[in-house]
Amino acid sequence: MTASPLGDYLRGRRAQLTPEALGLPVYGRRRVVGLRREEVAMLTGVSVDYYVRLEQGREVSPSPQVLDSLGEVLRLDHDGRQHLYRLAGLSPRPEPPAAVEEADDSLLELMLSWRDSPAIVLGRAFDVLATNPLGEALFGGFPFSRNLTRSTFLDPGARTFYPDWHLVAENTVAGLRLADGLTPGDPRIREVVDELRVKSADFVAMWEQNDARGKRLTEKRFLHPEVGHMELRVHVFDVRGAPGQELVVYHAVPGSPSAEALSLLGALAATRRIG
């Protein structure tokens, strides 16, 4: 019997896999459900004795390298990998970023159903991966760049569009710094940071503050060229199926002047689509 949550988890995941799924040969009748301990040990690159001690709770300090290998062998997804590391008392190593960031089609379908709330999906470096029509209209079709970090610092109109530009800029840099720490060496983040370090003294000053924090429920003011001033609540959600992506939803207080302006913006956008 196992004597630790880590051992229980390993044994449970081992029972969910078949040798065929991992390309292992099968000889004769098997007396265990799923993989044998010997097979997991071989694929992980540890001794059988070491792996048995892990399952029995007699080994409680596996290295990150062993956990990485176990995660691959046991076919753990993002949540499973996080859970494995927590059971071992460690923080998981960052997963390699996807070569191409894309928003899930089902998430886009959900966003399209929100006709009164602008919504956008952001990648790790704050690339706009998807929007609903009102989200597209809120940002005017992203005329300068579909990367919000670049737009904030390099678009001359950003300081008018965001009446509280300095606060928006600081929050953007702090979010980018946090993302950089979660995925060290991410090529897209490095590309954006390297460009802005050359082109924006404001970015350099804020980046060197080393402030790192994620977006929180807050309010943001906009001065939209078509409908004027709006004060919108901002809700940010992690996209569980795509670590590093964020769903950002904007909302106006019902009955407020901002809600009226947002409704007018939606009507103008719809008219343009029909035309």
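Summary of the structure given here. (Residues numbered from 1 in each chain as written. Predicted model: local features only at pLDDT ≥ 70, side-chain atom pairs only at ≥ 80, totals over all residues. Heavy atoms only, no water.)

## Some thoughts on the overall build of the protein
We apply this condition: Working definition: helices are DSSP H or I runs of at least four residues, strands are E runs of at least two. Numbering for both runs from the N terminus. Radius of gyration: over C-alpha atoms. The globule rule applied is 2.2 Å multiplied by the number of residues raised to the 0.38 power. Only protein chains enter the accessibility calculation, which uses a 1.4 Å probe; a residue whose area is less than 20% of its type maximum is buried, one above 50% is exposed, and one in between is partly exposed.
When its secondary structure is counted, the protein shows 13 helices and five strands. For a compact globule of 275 residues, the expected C-alpha radius of gyration is about 19 Å, and the protein comes in at 24 Å, more than 25% above that figure. With the principal axes as the frame, the protein shows a C-alpha extent of 75 × 40 × 30 Å. Looking at the 275 residues of the protein, the share that counts as buried comes to 44%.

## Examining the pattern of salt bridges
Going by this rule: Salt bridges are counted wherever a side-chain nitrogen of Lys or Arg sits within 4 Å of a carboxyl oxygen of Asp or Glu.
According to the stated counting rule, one finds 20 salt bridges in the structure shown. Put simply, arginine 188 and glutamate 191 hold a salt bridge, and the shortest N to O gap is 2.9 Å. A residue pair is termed a helical-turn pair when its members lie 3 or 4 positions apart in one helix, as arginine 188 and glutamate 191 do in helix α11 (residues 187-199) at three residues. Since its relative accessible area comes to 48%, glutamate 191 is described here as partly exposed. Overlapping salt bridges, with partners in common, bring together Arg14, Arg37 and Glu55 in one network.

## What to know about α11
The cut-off we apply is this: Between the first and last residue of a helix there are one fewer steps than residues, each counted as 1.5 Å, and that sum is the expected span. Relevant arc is that of directions from the helix axis to the C-beta atoms, nothing else. Should any heavy atoms of two residues lie within 4.5 Å, those residues are considered in contact. Polar contact is the term for a pair of N or O atoms within 3.5 Å; when the atoms are in protein, one must be able to donate a hydrogen and the other to accept it, and sequence-neighboring residues count only if both atoms are side-chain atoms.
Taking 1.5 Å of rise per residue, the 13 residues of α11 would be expected to cover 18 Å, and the 18 Å separating its terminal C-alpha atoms lies within 8% of that figure. Of the residues making up α11, those classed as buried are Ile189, Val192, Val193, Glu195 and Leu196. All buried residues of α11 project into a common sector of 165° when viewed along the axis, lining one side. Opposite its buried face, α11 presents the exposed residues Pro187 and Val198, each directed more than 90 degrees away. The inward-facing, buried residues of α11 abut α8 (148-154), α10 (165-182) and α12 (201-207). Two to three positions downstream of the cap, the backbone nitrogen of arginine 188 sits 3.0 Å from a side-chain oxygen, assigning the N-cap of α11 to aspartate 186.

## Observations concerning the environment of leucine 112
Checked against the element boundaries, leucine 112 lands in helix α6 (residues 105-112). For the pair formed by leucine 112 and asparagine 132, sequence separation is 20 residues and the distance between their alpha carbons is 5.2 Å. Not counting chain neighbours up to four residues away, the residues in contact with leucine 112 comprise Asn132 and Pro133.

## Considerations on the nonpolar core
This is how it is decided: Here, nonpolar core refers to any group of buried Ala, Val, Leu, Ile, Met, Phe, Trp, Tyr and Cys residues whose side-chain atoms link them within 4.5 Å.
In this structure, Phe139 and Tyr250 are the most contacted members of the largest nonpolar core, which totals 41 residues. Per-element accounting of this core gives the leading share, six residues, to α10. Not counting residues within four places of it along the chain, the set of residues in contact with phenylalanine 139 comprises Ile120, Leu148, Phe161, Tyr162, Phe222 and Tyr250. Of all hydrophobic cores here, the second largest spans 22 residues; its members include Leu22, Val46, Val66 and Leu67.

## Overview of the packing of helix α1 (residues 5-15) against helix α3 (residues 48-55)
To keep it simple, the criterion reads: To obtain each axis, a line is fitted to C-alpha atoms, and for helices this fit is confined to the stretch in contact; angles are then taken between N-to-C directions over 0 to 180 degrees. For this classification, under 35 degrees means roughly parallel, over 145 means roughly antiparallel, 65 to 115 means roughly perpendicular, and everything else is oblique. Amino acids are sorted into nonpolar (Ala, Val, Leu, Ile, Met, Phe, Trp, Tyr, Cys and Pro), charged (Asp, Glu, Lys and Arg) and polar (every other residue, Gly among them).
Remark: α1 packs on α3, axes separated minimally by 7 Å, with the N-to-C direction vectors making an angle of 115°. Overall, the two elements α1 and α3 adopt an arrangement that is roughly perpendicular. On α3, the residues touching Leu6, Gly7, Leu10, Arg11 and Arg14 of α1 are Tyr51, Leu54 and Glu55. For the contact of α1 with α3, a count of residues per class yields four nonpolar, one polar and three charged.

## Here we look at a negative patch on the surface
The following threshold applies: Within the patch definition used here, like charges are joined within 9 Å and nonpolar side chains (Val, Leu, Ile, Met, Phe, Trp, Tyr) within 5 Å, considering only residues with over 30% relative accessible area and no salt bridge. Throughout, the Shrake-Rupley method with a 1.4 Å probe supplies accessible areas, and for residues the shown protein chains are the sole cover considered. A positive count includes Lys and Arg, and a negative count includes Asp and Glu. His and the chain ends are not counted in either. Charged side chains are reduced to one point each, which is NZ for Lys, CZ for Arg, CG for Asp and CD for Glu.
Together, Glu102, Asp104, Asp105 and Glu109 make up a region of like negative charge exposed at the surface. With respect to the helices and strands, aspartate 105 occurs in helix α6.

## Thoughts on the side chain of arginine 81
Considering the arrangement of structural elements, one finds arginine 81 in helix α5 (residues 78-87). At a separation of 3.4 Å, a polar atom in the side chain of arginine 81 contacts the side chain of aspartate 68.

## Notes on the packing of helix α2 (residues 37-44) against helix α4 (residues 64-73)
Rules: If you view the pair so one helix is near and one far, a crossing is left-handed when the near helix is turned anticlockwise from the far one by less than a right angle, and right-handed when it is turned clockwise.
Interaxial distance between α2 and α4 falls to 9 Å at its minimum, and their mutual angle equals 120°. Taken together, the axes of α2 and α4 lie oblique to each other. Remark: the crossing between α2 and α4 carries right-handed chirality. Residues Val40, Leu43 and Thr44 of α2 pack against Val66, Ser69, Leu70 and Val73 of α4. The residue makeup of the contact of α2 with α4, split by class, is five nonpolar, two polar and no charged.

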